[in-house]
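An overview of the molecular structure
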Amino acid sequence: MNRLENIKNALRDIPDFPKPGILFKDITPVLSHPQLFGDAIDLMAETVEGQKIDFVAGIEARGFIFGAALARKINCGFVPIRKPGKLPYKTFREEYSLEYGTDSVEVHRDAFFKGASVYLADDLLATGGTAAAAAKLIKKCGAEVSLIGFLIELSFLKGGEKLISFPVKSLIRY
Ligand code: AMP
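Treat the numbers as computed from the prediction; the structure is a model and nothing was measured. (Residues numbered from 1 in each chain as written. Predicted model: local features only at pLDDT ≥ 70, side-chain atom pairs only at ≥ 80, totals over all residues. Heavy atoms only, no water.)

Some remarks on the packing of helix 3 (residues 34–46) against helix 4 (residues 62–73)
- It is at 9 Å that the axes of helix 3 and helix 4 come closest, and there the two elements cross at 65°. Taken together, the axes of helix 3 and helix 4 are roughly perpendicular relative to one another. Note on packing geometry: the crossing formed by helix 3 with helix 4 is right-handed. Residue-level inspection shows Phe37, Ala40, Ile41, Asp42, Met44 and Ala45 of helix 3 in contact with helix 4, the latter providing Ile65, Phe66, Ala69, Leu70 and Lys73.
- Of the residues assigned to the contact of helix 3 with helix 4, the class counts are 9 nonpolar, no polar and 2 charged. (Axes fitted to C-alpha atoms, helices over the stretch in contact; angles between N-to-C directions. Helix = DSSP H or I, 4+ residues; strand = E, 2+ residues; numbered from the N terminus. Parallel < 35°, antiparallel > 145°, perpendicular 65-115°, else oblique. Left-handed = near helix turned anticlockwise from the far one by under 90°. Contact = heavy atoms within 4.5 Å. Nonpolar A, V, L, I, M, F, W, Y, C, P; charged D, E, K, R; others polar.)

The structure is reproduced here in structure tokens:
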């Protein structure tokens, strides 16, 4: 079987988590298996082969896991995009709407140099609100979003529509 099929087979569906009606894609069986985790990072890296990437930005919390490993793999820096109030230095903040209410993400103002090429990474694309806000933050810092990469995309939630102005690459789509 190919690498993607093996990763897909290891993902675990948890119904009604964290609330009724949500089918949660549990990535922990992939992370705990060295071959599968390594393959996932290799496949994400292959999507930017030959492209100049200065930073990988990962979205808290699961985007840190994939983003940090990917940054090492492609030999560039890692920048955390965090929930509000977590970063110690001056930040930019971007708010986005949820089903009920709003949430926001923050990044250090000096995280990127002007014109830097950034790979934005997260584990999963659902409605796209989080990734769209993170991409706006990167642009606020004067950097470029060269690719938004996900392990998984729930395409029926149409999150790609919120990311229309960016190149998006998801390895596994449902
Ligand atoms: P969204 O802003 O709706 O695209 O949500 C994306 C974030 O929520 C990602 O960081 C995911 O980790 C998490 N997420 C949303 N839906 C799911 C799901 N069905 N299974 C696992 N994680 C999810």
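A closer look at the pattern of salt bridges
- Enumeration according to the criterion identifies 10 salt bridges in this entry.
- A salt bridge links aspartate 13 to lysine 25; its shortest N-O distance comes to 2.7 Å. Of this pair, aspartate 13 sits in strand 1 (residues 12–15) while lysine 25 sits in strand 2 (residues 23–26), and the two are 12 residues apart along the sequence.
- One salt bridge connects glutamate 153 with arginine 173, and the closest N-O pair in it is separated by 3.3 Å. One end of the pair, glutamate 153, is in strand 8 (residues 144–153); the other, arginine 173, is in strand 9 (residues 168–173), and 20 residues separate them in sequence. (Salt bridge = Lys/Arg side-chain N within 4 Å of Asp/Glu carboxyl O.)

Some words on the packing of aromatic side chains
- By the definition in use, this model includes 5 aromatic pairs.
- Here phenylalanine 55 and phenylalanine 113 contribute two aromatic rings whose centre-to-centre distance is 5.7 Å and whose plane-to-plane angle is 55°, an arrangement assigned as tilted. Here phenylalanine 113 lies in the loop between strand 6 (102–108) and strand 7 (117–125) and phenylalanine 55 lies in strand 3 (residues 55–59), a separation of 58 residues in the sequence.
- Exposure remark for phenylalanine 55: the relative accessible area of 14% places this residue in the buried category.
- For the pair phenylalanine 64 and phenylalanine 78, a centre-to-centre distance of 6.0 Å together with 85° between the ring planes defines the contact as edge-to-face. Linking phenylalanine 64 in helix 4 with phenylalanine 78 in strand 4 (residues 77–81), this pair joins segments that are 14 residues apart in sequence.
- Of the residues examined, phenylalanine 78 reaches a relative accessible area of 30% and is grouped as partly exposed. (Phe/Tyr/Trp six-rings, centres within 6.5 Å; stacked < 30°, edge-to-face > 60°. Buried < 20%, exposed > 50% of the residue type's maximum accessible area, 1.4 Å probe, protein only.)

As for the nonpolar core
- In this structure, Ala57, Ile81, Val107, Phe112, Leu120, Ile138 and Ile148 are the most contacted members of the largest nonpolar core, which totals 29 residues.
- Mapped by element, the contributors of at least two residues to this core are strand 3, strand 4, strand 5 (91–97), strand 6, strand 7, helix 5 (129–140) and strand 8.
- Broken down by element, the residue count for this core peaks at 7 residues, all from helix 5.
- Apart from the residues within four sequence positions on either side, leucine 120 is in contact with Ala57, Ile59, Ile81, Ala131, Ala134, Ala135, Ile138, Leu147, Ile148 and Gly149.
- Within the second largest apolar cluster, 26 residues are counted, among which are Ala10, Ala45, Ile53 and Leu154. (Core = buried A, V, L, I, M, F, W, Y, C linked by side-chain atoms within 4.5 Å.)

Section: the site of the ligand
- Inspection of the region around the ligand gives 13 residues, with Asp122, Asp123, Thr127, Gly128 and Thr130 positioned closest.
- Contact distances for the ligand include 3.0 Å between a nitrogen atom and a backbone N or O atom of leucine 23.
- Threonine 127 has a polar side-chain atom sitting 2.5 Å from an oxygen atom of the ligand.
- Protein contacts shield 81% of the accessible area of the ligand, which totals 490 Å² for the unbound molecule.
- Residue classes in the shell around the ligand are distributed as 5 nonpolar, 4 polar and 4 charged. (Near = heavy atom within 4 Å. Polar contact = N/O pair within 3.5 Å; in protein donor to acceptor, adjacent residues only side chain to side chain. Areas by Shrake-Rupley, 256 points an atom, 1.4 Å probe, with all protein chains shown as cover.)

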